[in-house]
Amino acid sequence: MSQHEFQTEVGQLLKLIIHSLYSNQEIFLRELVSNASDALDKLKYLTLTDDAYKGMAFDPRVDIEIDEANSVLMIRDNGIGMNAEDLAANLGTIARSGTKNFLAQLSGDAKRDSNLIGQFGVGFYSAFMVADRVEVITKKAGDEKAWRWTSDGQTSYEIDVGERDGHGTTVKLFMNDDGKEYTSSWRVRELVKKYSNHIAFPIYLSYEKTEWEGEGDKRTSKKIPTTEKVNDAGALWKRSKSELKDEDYKEFYKTVSHDYDDPLVWFHTKAEGTIEYTTLFYIPAKAPYDLFQADYRPGVKLYVKRVFITDDEKELMPTWLRFLRGVIDSEDLPLNVSREILQQNKVLSQIRTASVKKVLSELQSLANTDKDKYLQFASEYNRVLKEGLYQDYANREAILDLIRFKSTKVEGWTSLAEAKDRMKSEQKALYILTGGNEASLRASPLLEVYKKKDIEVLILDDDIDEIVFQSIEKYKDIDLKSINKAEVGEDLKDKADEGKEKDLKPLLEKMKKILGDHVKDVRVSFRLAESPSCIVSGDDDPSAKLQQMMKAMGQKDLPAPKPILEINPDHALVTKLREAKDNMVVEDASWLLLEQALLVEGVPLENPNAFVARLNRMMDKAV
């Protein structure tokens, strides 16, 4: 016998679970039956594709056995099973890095926190909500030796040699006071029907049934060992949509996703023709915890003719749709398809292409028919959809229609289509502003003249926007322009501005000489109404924010494009500067106009001390 300490995060997690982190304890049975189903799926695949397992007698099933007298519940499968290393890896640690994120997100509100746990793939540990002790007896298919894992869910667990007739796993729960209700046959039957009715393997319930004989005072009872099948044992996704109720879809979702909440929406498709396949995709109501982690867990399972193939293949759907949960079941793929073949398989490529278009079509339909639900989707997945704009060129237009934006014109979210409908007759393009958080963007001097002329600008405050919208020049037939760019200001120019440029030319030349190679140019601004200056980027140059991002990613040796300084010809400060005779004042003011514009854009100054000295000199003259 060997004793092991739980991984630190597991110990913390167990304490939370034991103290009723789940708001609904009955969920433990769904988690354990789902794990048993996964084990059966894996062995079924091997018996069909691996010569070492093809001769194995295999009648897949899940058995639930009740010992009501001793308050014991057993969940047994004849699936792939585990060896000692598997036990330590799967039940002694939580390998995925998301566990720490999970613990960090806990608020102390049990009801709210209970909705997180299923998202973190730690369902086995829910057994400790209802059990004082858990024993796992398991034998890996093909191995001679069985193993036993035991723990009271406190600080440690033990692994030693066990006994088991055949391959598979038995989870034995020694129930606590809260768990005794789950040793009732009617209660277990109710929960299987509620949560696991559509597990693709038969689930049998064994218990002692009470039968009565005789009448009146002579009436006696006896216990009759009884075993009965308690689920439908069919692949739900293969059934007709007309046969299924919303509750059927919701409970199947919870089985495949281990999520506690209902899904936001689902799409069930059966394709017949050159290739035949069925897909059932769900969108979680809340974004998966690992959505933006490099080691995210794929949520779509691949089946071939209802035989499970894999649930760990990131190529099944594009990475920008990694929030999807559900199944793909193909009639045309070979059962022994390998991961390498999957990545090059034409059938799977066709399924993937058609599935992406179907998801986009269904999302657009949702946006048209249920705006509130679609905005709930956008609030969770807007950012990841934007990845599709540079990953999936073929579907770029459809994705652009689905993305939602903040705006200077309307409250909440809006679409490009809606912004296009609101364009003024004289407006030459759809305008966007990127470069920081929402508050700083809304306060940007770049917006001043657009507000004055009542022209809408879309606010893009995700970091990814700086990268994505560099390459998107049009929406349908309308130009899409970033007001951070120099040439966009020309859209606002009128005849009166030409005279201002001529009057300021001497000052502009003087300032350009003073600032030297710190700027690309100094020019009159047509976009400022109240501020004295701003910086913009050349049309082919990255913005100041994007330059900062590139440096943060390690690209420190790239030549930094210089900003273009624009000054407001109508600002009192610029008017006075044009008449100034003191060269030192002109020099200090030129630098301050540049430096304040840089600060507004969130760009750190190269020499803060020099900035402070200049500011102090100007204040001394003004006081």
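Remember, it's a predicted structure, so these values are computed and weren't measured experimentally. (Residues numbered from 1 in each chain as written. Predicted model: local features only at pLDDT ≥ 70, side-chain atom pairs only at ≥ 80, totals over all residues. Heavy atoms only, no water.)

Residues of the protein with pLDDT of at least 70 account for 87%, and the chain-wide mean is 85. A low-confidence stretch, residues 95-99 (pLDDT under 50), is modelled with 13 contacts involving residues beyond four sequence positions or located in other chains. (pLDDT = per-residue confidence, 0-100. Contact = heavy atoms within 4.5 Å.)

Before going further, it helps to examine the sheet that holds strand β21 (residues 533-536). Spatial ordering of the open sheet is given by β20-β22-β21, a layout of three strands whose pairing is mixed. The strands lining the two open edges of the sheet, one partner per strand, are β20 (521-524) and β21. Recorded for the sheet is a direction-independent mean angle of 25° between the axes of neighbouring strands. Sheet topology places β20 next to strand β22 (residues 564-567); four bridges connect them, and they run parallel. Among the inter-strand pairings, arginine 523 is bridged to a residue of β22, identified as glutamate 566. Contacts from helix α20 (residues 583-600) reach β21 and β22 within the one sheet, and its direction differs from that of β21 by about 65°. (Pairing = 2+ DSSP bridges. Helix = DSSP H or I, 4+ residues; strand = E, 2+ residues; numbered from the N terminus. Axes fitted to C-alpha atoms, helices over the stretch in contact; angles between N-to-C directions.)

Burial runs high along strand β5 (residues 146-151): five of the six residues are buried. Looking at chain direction, strand β4 (residues 131-139) and β5 are connected through six bridges and run antiparallel. Bridge assignment links threonine 138 to a residue of β5, and that residue is tryptophan 147. The antiparallel hairpin formed by β4 and β5 contains six residues in its connecting segment, where glycine 142 sits at a positive phi of about 95°. The sheet contact formed by β5 and strand β6 (residues 156-162) spans five bridges and is antiparallel. (Buried < 20%, exposed > 50% of the residue type's maximum accessible area, 1.4 Å probe, protein only.)

The next thing to look at is a nonpolar patch on the surface. Together, Leu615, Met619 and Val623 give the surface a local cluster of nonpolar side chains, amounting to about 320 Å² of exposed area. Position of valine 623 relative to the elements: it lies in the segment after α21 (608-622). (Patch = residues over 30% accessible without salt bridge, like charges linked within 9 Å, V, L, I, M, F, W, Y side chains within 5 Å. Areas by Shrake-Rupley, 256 points an atom, 1.4 Å probe, with all protein chains shown as cover. Salt bridge = Lys/Arg side-chain N within 4 Å of Asp/Glu carboxyl O.)

All right, on to the sheet that holds strand β14 (residues 325-330) then. On the basis of which strands lie adjacent, the open sheet formed by five strands has the order β10-β11-β14-β12-β13 and mixed pairing. Each edge of the open sheet carries a strand with a single partner, namely β10 (263-271) and β13 (307-310). Across the sheet, the mean angle separating the axes of adjacent strands is 20° when strand polarity is ignored. Examined bridge by bridge, strand β11 (residues 277-284) and β14 share six bridges and lie antiparallel to one another. Along β14, the bridge assignment pairs tyrosine 277 with serine 330. Against the sheet, helix α2 (residues 27-49) makes contact with β12 (300-304) and β13, and its axis sits at roughly 95° relative to β13, the strand it touches most. Here helix α10 (residues 346-369) sits on the sheet and contacts β10, β11, β12 and β14; the angle it forms with β11, its principal contact strand, is near 45°.

What follows covers the pattern of salt bridges. Counting across every chain of the model gives 42 salt bridges. One salt bridge in this structure joins glutamate 272 and lysine 270, with 3.8 Å as the shortest N-O distance. Pair check on accessibility: glutamate 272 and lysine 270 agree, each one exposed. When salt bridges with common partners are traced through the structure, they connect Glu26, Glu181, Arg187, Glu190 and Lys194 into a single cluster.

As a further point, take the packing of aromatic side chains. According to the stated counting rule, one finds 15 aromatic pairs in the structure shown. Between phenylalanine 28 and tyrosine 182, the aromatic rings sit 5.2 Å apart at their centres with planes inclined by 70°, giving edge-to-face as the arrangement. A residue pair is termed long-range when its members are at least 10 positions apart, and phenylalanine 28 in helix α2 and tyrosine 182 in the loop between β7 (168-175) and α7 (185-195) qualify at 154 residues. An aromatic cluster is defined as three or more aromatic residues linked by ring pairs; in this entry it consists of Trp237, Phe252, Tyr303 and Phe308. Here the guanidinium or amino end of arginine 133 rests over the ring plane of phenylalanine 174, the centre of that ring lying 3.9 Å away. In this structure, arginine 322 is placed above the aromatic ring of tyrosine 296, and the distance from its NZ or CZ to the ring centre is 5.6 Å. (Phe/Tyr/Trp six-rings, centres within 6.5 Å; stacked < 30°, edge-to-face > 60°. Lys NZ or Arg CZ within 6 Å of the ring centre and 35° of its normal.)

A separate point is helix α4 (residues 84-91). Among the residues of α4, those classed as buried are Ala84, Asp86, Leu87 and Leu91. The arc that holds the buried residues of α4, viewed along the axis, is 160°, so those residues lie on one side. The inward-facing, buried residues of α4 contact β4, β5 and β6. Near the N-terminus of α4, the side chain that reaches the backbone nitrogen of glutamate 85, with its oxygen 3.1 Å away, is that of asparagine 83. (Arc of directions from axis to C-beta. Polar contact = N/O pair within 3.5 Å; in protein donor to acceptor, adjacent residues only side chain to side chain.)

Looking at where threonine 227 falls in the secondary structure, it is placed in strand β9 (residues 220-229). Placed 19 residues apart in sequence, threonine 227 and glutamate 208 show a C-alpha to C-alpha distance of 8.6 Å. When sequence neighbours within four positions are dropped, the list of residues in contact with threonine 227 reads Tyr204, Leu205 and Ser206. A distance of 2.9 Å separates polar atoms of two side chains, one belonging to threonine 227 and the other to serine 206.

Right, let's get into the packing of α10 against helix α11 (residues 371-391). As a packed pair, α10 and α11 sit with axes 6 Å apart at the nearest point and diverge in direction by 130°. Classed by the angle they form, the pair α10 and α11 counts as oblique. By crossing handedness, the relation of α10 to α11 is classed as left-handed. On α11, the residues touching Leu363, Leu366, Ala367 and Thr369 of α10 are Lys371, Lys373, Tyr374 and Phe377. Considered class by class, the residues forming the contact of α10 with α11 number five nonpolar, one polar and two charged. (Parallel < 35°, antiparallel > 145°, perpendicular 65-115°, else oblique. Left-handed = near helix turned anticlockwise from the far one by under 90°. Nonpolar A, V, L, I, M, F, W, Y, C, P; charged D, E, K, R; others polar.)

With respect to burial, strand β3 (residues 72-77) is a largely interior element, five of its six residues being buried. Bridge analysis of strand β2 (residues 62-67) against β3 gives six bridges, and the strand direction is antiparallel. Bridged to glutamate 65 within β3 is methionine 74. Taking the residues that link successive antiparallel strands as the turn, the β2-β3 hairpin has four residues, and the phi of serine 71 there is positive, at about 55°. Pairing analysis gives six bridges linking β3 to β7, with the strands arranged antiparallel. Following the sheet pairing, leucine 73 is matched in β7 by leucine 173.

By the element assignment, leucine 244 lies in the loop between β9 and α8 (246-257). Overall, the relative accessible area of 9% leaves leucine 244 in the buried class. Excluding residues within four positions of it along the chain, leucine 244 makes contact with Leu236, Arg239, Tyr249 and His268.

Right, let's get into the side chain of lysine 386. By the secondary structure assignment, lysine 386 is in helix α11. By relative accessible area, lysine 386 is classed as buried at 3%. Engagement of the side chain of lysine 386 in a polar contact is seen with the side chain of aspartate 465, the distance being 2.9 Å. Beyond its immediate stretch of four places on either side in the chain, lysine 386 contacts Ile403, Asp462, Ile464, Asp465 and Val468.

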